[in-house]
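# A closer look at the structure
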Amino acid sequence: MTKIIINSVVSIIEQSNGVVQITMEDRDNKNMFSRDILSGLMQAYKKIEENRACKAVIITGFDSYFCSGGTQDSLLSLNDTQGNFSDVNIYSLPLECRVPVISAIQGHAIGGGFVMGLFSDIVLLSKESYYTLNFMKYGFTPGMGSTLIVPTKLGVDLGSEMLLSANQYRGDELQQRRVGLQVLPRKSVLSRAYELADLIAQKPLRSVSLLKKHLCQQVSEKLPKYIEQELAMHAQTMHQPEVTDNIKRLFGQPSSTSARLSNALERAPIETAVHNERSGDTTRRDTTTSAISEQDIAIVSVAGRFPEAENVDTFWANLQQGMDCVVDIPDERAALFGSESAALRCRWGGFIHGVDKFDPLFFKISPREAQLMDPQERLLLEEVWHLLERRGYTKQKLAQQYDHKVAVYTASMYQQYHAFDTEQDKKAMVAMSSLSSMPNRISHFFDLHGPSMAVDTMCSGAASAIYLACQNLLSGACRLAIVGATNLSIHGYKYQALSQSQLLAEQSAVRGFGESGGFIPGEAVGAVLLKPLRDAIQDNDDVLAVIKGVHTDHKGATDGFNASDPDALTRLMTGCLQNAKMTPQQIDYVETSVAGATVSDRAEIQAMKQVFCDIAGKRKLPIGTVKPSIGHAEAASGLTQLIKVAMQLKHGVLTPSILHQPLNPKLDLDCTPFTIQDQFGSWTTADPEQPRSAMINTLGAGGSGCCMVLEACLSAKLTTKPGRAHSARVMVFSAQNEARLRELVTRYITHFSTVQDTHLDDVAYTLTDGREAMPTRLSCVVRTIEALRDCLAAWLYGKAPAQVFFHDTEHSSRQASIELDAANDTELVKQAKLWVQGGQLSWESLYGEPHDVSPQIIALPTYPFARRHCWLPKPAEKPPQVGAQKSNTPAQPATDIAQDMGANSAQSSLHTEVVELVLETVGEILGLGRDELQLTTPLKALGVTSVTKMLIVSALCDGIEQLDETQVGSELLQADSVSDLMTVIERAQPAPAQVTGANHMPVDLPGYISEATSRGFRFE
């Protein structure tokens, strides 16, 4: 495979079998017919003509755009009769190509862009994309041969309708209209194109070319006459004043002010004035070519849990206040440490709360399987959800915009969970767990196809993972990367081992740069979302900071395995500055790796003196460390450092490093150009014209170190808003069940009561396009934030007004449907009602695509996970009886079960014994209480896989006489819910006398599960 860059927006990929892919990727202009697109396509087809080995061509776009047709300037020029559509025959290039061309129209195709796609030999459309021929919308008649090719490819009736009406149609609508083209899910369009191209490439080239020419002959012969007729119509419909007005109105602004950000980046440094229509003020946005380079990586989202902080916002507030988050080992953690805790000499740490809590059913994991998962894996999965949710990245968006190609890297080092004594079968399973489960579980749940790797370089693990993620992004393999890291202290063995290695402090009053005698462990579970800075700015992301350079290496052979080498650390930092193309004089702050381990701390300070020697006497460089505040997060320390520095850069302040007196004399800090940042203060730079910048050092005990250079992002997020302050908007909220929805609504009420200046459009857009739609739903139509807050509060307290709609789509049989009122419902109210009953919504489908500045994804409350205890049981404990497991999910009343069964007449006659048996069996195997087993809930949602289902089926067949597994086993395996299982059993008609007693298990299920596990069953 060979990739050839034609220009900045067009590239081709040549496969070894003769298939060539043309990709249009003008993100700034959404693949309109800009000069770059036009010249790039002509050069690409010329190159294909010269490539005599080429047998088939695929042409496609990027993300959700294929090609958007003419630019505003080109349309205005045509209307002024300064040219015509036939001047550049871009549209007929696929027709004239000597080999078959396949249009993989995976995204929106507009006007001439759609026409060009239709001129290909094979055309594939996307169900999710919109297609329109908008010539008549501007007021002039169609061109580019569209009057020939559109009826030919789409059919006379549909083609004429699209040309005359200029309406837009979704791909699935065209499919319903029986369009004679393949319409596929967006993610399948390109792969299907390659399947067809590969088949074509297997044929002799001469045969392929001759057949292509023959099939295109009629269109090729007719095209000149149709072009002539179209130009004749243009002579009468162009140069009309209303056409000019339509073009300007539909593009939203005059041509003179339509310069895009990408043009600014390609020219000399400029300032773009951004008018904020909310406040009436104007902010200056400074973007320079030096500030944005191809190697710049943006940090666009952060999430995590830290000592005394359930989220990043609280973590940041604690740092600003200089809060000491290190505490005595709490009772709940001492209980986990067991008898070992009494002998510990270091009795402090930074601890996060609720390490045993998890919401397994949210992630379609059974509670029994969750017991076996490392707590680090469980907690990180939840934080990655929050990470993506904060930026509005749904699974659908990751699939459509990034084609699933998202990289996942995680860092951790300790596996303590297997040290707990538990039942023998669980012991074996936990002992074989792997750190790779963390990234792989994330990639599995979110359906991500990029690299998924676990990294362990000890205390530099998180920083090393960031390095790998940046390398992946810079290579172009992926355009989005998730980096997660974890560090927990859940077993006393960890403290014992670190104390035996003489690494832990034996007091807690002095830390970091002080004479502490060792470090204090700290816990952290966090994640960051990275993407190329150019993409982040084009997508109008809220960039926290920019990674200018990352460098990692190993110290090599030294006096000892754990001995740090100042020269090696000097090499590390110098290498990072070179990668960042920066000098030491440009660094304003250094976040050190100093934790209290004197040998490595001293080596780092000595290396920093060498690197920053030229600034001596000119200024004192502020340095700090996050570790005295929260403890040393070991494998996750690089992530805590990165988040701290990114927040400092974002807000232009420096937070204090605490508890460093008396200073450690072995660090010799008095003879350095550094000053410890021990007060909260504003961030000042040596050169006011330069952006704020910082260095981060992270060192691993085994000698693997990593250095990062970060910089403040000069390009602020656009906040311009359309002037529609009081337009009605649909607001949607959803959760897995009503209890979670109530907690979510409570969070929103608190948010809207404390956060000011939130724009209603931003909230509506974030809720519709930036949140997953879940089974239990709430919607309303409002015009102000205040009205939204009042509606939510009224629903929460059972006093919801008529236009607040609630429905549980997963158990709709127990609820009355919400009727539409054709006479009185507005379109928005209708959509709100349909959505809560399982419909789909998007901003575009509700309000259309705005021509002014679009609404933005903003920070809103994230999902409130259920807090279920998930931990290995002690061996002496008897396994809990079904129904004893408590959760914060409301119990299902017995009447609900009756109603569920009443929905199916066959089930209503089931023997009570069988009902109880099935519920008890499924509940015991999955670790679910009776109150959590809804009969109609899909088994997949309960964490059931094919392997688990086999165990359920075997247990049921063993427990019910006349239920022959050889006869009904396959039917039971196909069941999608508990209700389906009961239906199959009812058809087998076991006699009441032959059913084991209703209040007892048919077999010793705990023993049955243990035996099945030892045979190889895995409950996942």
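Residues numbered from 1 in each chain as written. Predicted model: local features only at pLDDT ≥ 70, side-chain atom pairs only at ≥ 80, totals over all residues. Heavy atoms only, no water.

An unreviewed UniProt entry lists the protein under the name Polyketide synthase, with Alkalimonas collagenimarina given as the organism. The Sequence similarities (unreviewed entry) field of the UniProt record for the protein holds the comment "Belongs to the enoyl-CoA hydratase/isomerase family." (UniProt positions renumbered as here; feature names shortened; annotations may be inferred.)

What follows deals with the packing of aromatic side chains. In this structure the tally under the stated criterion is 26 aromatic pairs. Between Phe306 and Phe315, the ring centres sit 4.1 Å apart and the planes meet at 20°, which makes this aromatic pair stacked. For the pair Phe306 and Phe315, one class covers both residues: buried. Pairing Phe362 with Tyr863 gives two aromatic rings, centres 4.7 Å apart and planes at 40°, and the pair type is tilted. With a gap of 501 residues between them, Phe362 in the loop between strand S17 (357-358) and helix H15 (367-372) and Tyr863 in the loop between helix H31 (843-847) and strand S33 (868-869) connect regions that are remote in the sequence. There is no split in this pair, since Phe362 and Tyr863 are both buried. In this structure an aromatic cluster arises from ring pairing among Phe358, Phe362, Phe363, Trp385, Phe445, Phe446, Tyr863 and Phe865. Here the guanidinium or amino end of Arg729 rests over the ring plane of Tyr847, the centre of that ring lying 4.3 Å away. (Phe/Tyr/Trp six-rings, centres within 6.5 Å; stacked < 30°, edge-to-face > 60°. Buried < 20%, exposed > 50% of the residue type's maximum accessible area, 1.4 Å probe, protein only. Helix = DSSP H or I, 4+ residues; strand = E, 2+ residues; numbered from the N terminus. Lys NZ or Arg CZ within 6 Å of the ring centre and 35° of its normal.)

Another point: empty space enclosed by the protein. Summed over all chains, the structure comprises seven cavities of 30 Å³ or more. Approximately 120 Å³ is the volume found for the largest cavity. Listing elements by their share of the lining of the largest cavity, those giving two or more residues are strand S22 (545-554), helix H23 (566-580) and strand S29 (704-711). At three residues, the largest contribution of residues to the lining of the largest cavity is made by H23. Residue classes in the lining of the largest cavity are distributed as six nonpolar, seven polar and three charged. Empty space within the second largest cavity amounts to approximately 80 Å³. For the lining of the second largest cavity, the leading source of residues is helix H16 (residues 375-390), giving three residues. Looking at the lining of the second largest cavity residue by residue, the class counts come to four nonpolar, two polar and four charged. (1 Å grid on protein atoms, 1.4 Å probe; cavity = no way out; pocket = protein on both sides within 12 Å on 5 of 7 lines; lining within 4 Å. Points joined across faces, edges and corners; volume = space filled by probe spheres on them. Nonpolar A, V, L, I, M, F, W, Y, C, P; charged D, E, K, R; others polar.)

This part covers helix H19 (residues 437-446). The periodicity of an α-helix, 3.6 residues per turn, causes residues three or four places apart in sequence to face the same way. Most of H19 sits inside the fold, with seven of its ten residues counted as buried. Among the residues of H19, Met438, Pro439, Arg441, Ile442, Ser443, Phe445 and Phe446 are the ones counted as buried. Looking at the buried residues of H19, the elements they touch are H15, H16, helix H17 (395-402), strand S18 (406-411), strand S19 (452-455) and strand S20 (480-487). Directly after H19, the chain includes Asp447, whose backbone phi takes a positive value near 60°. (Contact = heavy atoms within 4.5 Å.)

Let's shift gears to the state of the cysteines. What the rule picks out here adds up to zero disulfides. Take Cys470: it sits in no disulfide, and the sulfur closest to it among the cysteines is that of Cys706, at 8.8 Å. (Disulfide = S-S within 2.5 Å.)

Taken across its five residues, strand S2 (residues 10-14) has four buried, putting it largely inside the fold. Both strand S1 (residues 2-5) and S2 contribute to a ladder of four bridges, which runs antiparallel. Bridged to Ile5 within S2 is Ser11. Hairpin remark: S1 followed by S2, antiparallel, with four residues in the connecting loop. Direction of pairing for S2 relative to strand S3 (residues 19-24): antiparallel, over a ladder of five bridges. Its bridge partner being in S3, Ser11 is matched across the sheet by Thr23. Remark: four residues form the turn of the hairpin made by S2 and S3, two consecutive strands paired antiparallel; Gly18 in that turn has positive phi of roughly 95°. (Pairing = 2+ DSSP bridges.)

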